[in-house]
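Listed here are the chains, written in short residue letters.
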Amino acid sequence: MAQTTRRQFIRQTTLAAAALRGAPLTALTPEWGVAEIAEQNAAPVDAKTMRKFASAITGSVITPAAPEYESARQVFNRAFDRRPALIVQCAGASDIARALEFAQRHNLPLAVRGGGHSRAGFGVCDGGVVIDLSRMNQVKVDVSKRVARADAGSLVRDMDQATQRFGLATTMGGCPTVGIAGLTLGGGEGLLMSKYGAACDNLISAQLLTVDGRQVEASQTSNPDLFWAIRGGGGNFGVVTALEYQLHPITDVLAGTLTYPPGRIPELLQAFVKFVATAPDEMNVVGEVLPTAEGPRFHMFCCYCGDPQQGTELLKPLRALKPQQDNIRVASYLETQATINPYAPAAHFQTDLFLPQLTADAIATITTAANNAPPNTRVFIVALSGAVTRVGASETAFPLRQPGFELDIMGRWLDPYGKTSVVEWVRSLRDKLQPFAHGVYVNQLGDTSEDLVRAAYGSNYARLVEIKKKYDPKNVLRINQNIQPG
Ligand SMILES: Cc1cc2nc3c(=O)[nH]c(=O)nc-3n(C[C@H](O)[C@H](O)[C@H](O)COP(=O)(O)OP(=O)(O)OC[C@H]3O[C@@H](n4cnc5c(N)ncnc54)[C@H](O)[C@@H]3O)c2cc1C
């Protein structure tokens, strides 16, 4: 039998996709630009097979011929311009099971997407199947038990809105459109983590579909090995369909940003470090160094989830440093969460490092880099303290449990010419800070390698490999910060 080349396969799949939508097959030429798919032994998928698959899906199947394809394939990081053969917008677990089976039967690359905010563009793939969970976004709150049960395609804002209606919340990330599953599976840092731990620490249970189509629960009592792994180990072990979280009473918070005049970066970073060292669990702070035409500027975002008067007292040393702008005020937690991240989708490159201490040398390195930074770059400094650091490093797969600072070094580009200088700057600062680092946060990595993944998990890596072997021995779920089964 004649062998099908990869290029032939891509064309056949694309044409079959067009046929599925009733589009004229001639409308799609090889120049149309489907990128190479990664699989070597992919079986061709004919139009009849595609139609049969689509007819079994309760949600919808979007192919390259569909008018909504261009928007449906986009992810937050616009640096990833990938063209899947199929986007399966799943309506429930049975759609996910069918898409999992279809991708494996035809040996197609498989991406799983919740909110599409992966820094590394893992929510989309070339020439393969995207399991898109965006339609599965219901959140139900049991007020008496203070528990929320959320579909896995829910976003941070879905969770915040549903829980805040009852004056409740759990730790979620600081961007309303991040997916709760992607966030939680990688750890999940947010404004409540010093008080209540990371998102994964508030996870009570999760429902998953394994790659062989089994529905399993992960909790302290059901499949505890899996429960350990999904609290930090990412989307390596199955497709999560629902998550259950512990909630806490939260209504108003004292929150906002102090913006200091350009310059004084070492002095301000030192003050930031000193402030974090004595801050109570109710206080969460994030620093940001941004280049401006007048020199780098330091911003500090503060959120205090206790008594506002006590919070105001605590903020005195930061206010004594004479910020140029101070918009800290009492606001609802929901409003605070909705406004913390000002960044729109854009092409960007971000990397991450965890520094147990922000020493004078590390501060000097950041200051020098900030003085020579291209526009649209930034260093975001998330202080880890309090409850998130009181969990043992091996109690969950998420290992960033010592007090310290997680640095997101990021740059955006508005046209392709801006990319090189930004990426070089980000990489160069990462390299210079490496001697001070002890780990990375897997959710904030815009690139990947076995070394980075090992660095992210440290001594938890070996156990994660064993659990990966058990649940996904053929590494079907590999478009992620991949734990290789060996
Ligand atoms: C603007 C912005 C702000 C951010 N802010 C924060 C923050 O405050 N705190 C923080 O901790 N992180 C933050 N992040 C990082 C974020 O947590 C990760 O990028 C996370 O993976 C995004 O999840 P997602 O569902 O939106 O992304 P997607 O790209 O949809 O998914 C990312 C990966 O998660 C896995 N995944 C997602 N859903 C499932 C599922 N149901 N089953 C199995 N695997 C799944 C898959 O491997 C997928 O490739 C931010 C990212 C951005 C872009």
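Residues numbered from 1 in each chain as written. Predicted model: local features only at pLDDT ≥ 70, side-chain atom pairs only at ≥ 80, totals over all residues. Heavy atoms only, no water.

Draft legend 1. Seen up close, the domain arrangement of the protein. When cut into domains, the protein gives domain 1 (6-132), domain 2 (139-249 + 459-471) and domain 3 (252-450). Counting residues at the interface gives 8 residues for domain 1 and 16 residues for domain 3. Of the roughly 880 Å² buried where domain 1 meets domain 3, counting both sides, 59% is carbon and sulfur surface. On the domain 1 side of the interface with domain 3, the three residues burying the most area are Phe76, Arg78 and Arg119, jointly 66% of the side's total. Put simply, domain 1 and domain 3 have 0 salt bridges between them. Applying the counting criterion to the domain 1 and domain 3 interface returns 6 residue pairs in polar contact (both at pLDDT 80 or more). In terms of residue class, the side of domain 1 that touches domain 3 is made up of 5 nonpolar, 1 polar and 2 charged. (Domains from an automatic or database assignment. Contact = heavy atoms within 4.5 Å. Buried area = accessible area lost by both parts, 1.4 Å probe. Salt bridge = Lys/Arg side-chain N within 4 Å of Asp/Glu carboxyl O. Polar contact = N/O pair within 3.5 Å; in protein donor to acceptor, adjacent residues only side chain to side chain. Nonpolar A, V, L, I, M, F, W, Y, C, P; charged D, E, K, R; others polar.)

Draft legend 2. Layout of the site of the ligand. The environment of the ligand is formed by 34 residues, the closest being Gly114, Gly116, Gly174, Gly179 and Tyr441. Note that an oxygen atom of the ligand is positioned 2.8 Å from one of the backbone N or O atoms of glycine 179. In the environment of the ligand, an oxygen atom lies 3.3 Å from a nitrogen or oxygen atom belonging to the side chain of asparagine 443. If the ligand stood free it would expose 940 Å²; the protein chains cover 94% of that surface. Of all elements in the fold, only strand E3 (110-113), helix H6 (180-186) and strand E10 (239-246) reach the threshold of two or more residues within the shell around the ligand. (Near = heavy atom within 4 Å. Areas by Shrake-Rupley, 256 points an atom, 1.4 Å probe, with all protein chains shown as cover. Helix = DSSP H or I, 4+ residues; strand = E, 2+ residues; numbered from the N terminus.)

Draft legend 3. Representation of the side chain of asparagine 460. Relative to the helices and strands, asparagine 460 resides in the loop between helix H15 (450-457) and helix H16 (461-471). Of the residues examined, asparagine 460 reaches a relative accessible area of 3% and is grouped as buried. Within the structure, asparagine 460 has its side chain in polar contact with the backbone oxygen of alanine 397 (distance 3.2 Å). Every residue in contact with asparagine 460, bar those within four places of it in the chain, is listed here: Trp228, Ala393, Ser394, Thr396, Ala397 and Pro399. (Buried < 20%, exposed > 50% of the residue type's maximum accessible area, 1.4 Å probe, protein only.)

Draft legend 4. Focus on the pairing of strand E2 (residues 86-89). The side-chain alternation of E2 yields two buried faces, one formed by Leu86 and Val88 and the other by Ile87 and Gln89. In the sheet, strand E1 (residues 60-62) pairs with E2 via 3 bridges, with the strands oriented antiparallel. By the bridge assignment for E2, isoleucine 62 is matched with isoleucine 87. Alignment of E2 against strand E4 (residues 129-132), held across 4 bridges, turns out to be parallel. Counted as the bridge partner of leucine 86 is valine 129 from E4. (Pairing = 2+ DSSP bridges.)

Draft legend 5. A look at the environment of phenylalanine 349. Within the secondary structure, phenylalanine 349 sits in strand E17 (residues 347-355). You can call phenylalanine 349 buried: its relative accessible area is 7%. For the pair phenylalanine 349 and cysteine 90, spaced 259 residues apart in the sequence, the C-alpha separation amounts to 29 Å. Once residues within four sequence positions are removed from consideration, phenylalanine 349 is found in contact with Ile409, Met410, Gly411, Trp413, Val423, Val426, Arg427, Gly446 and Asp447.

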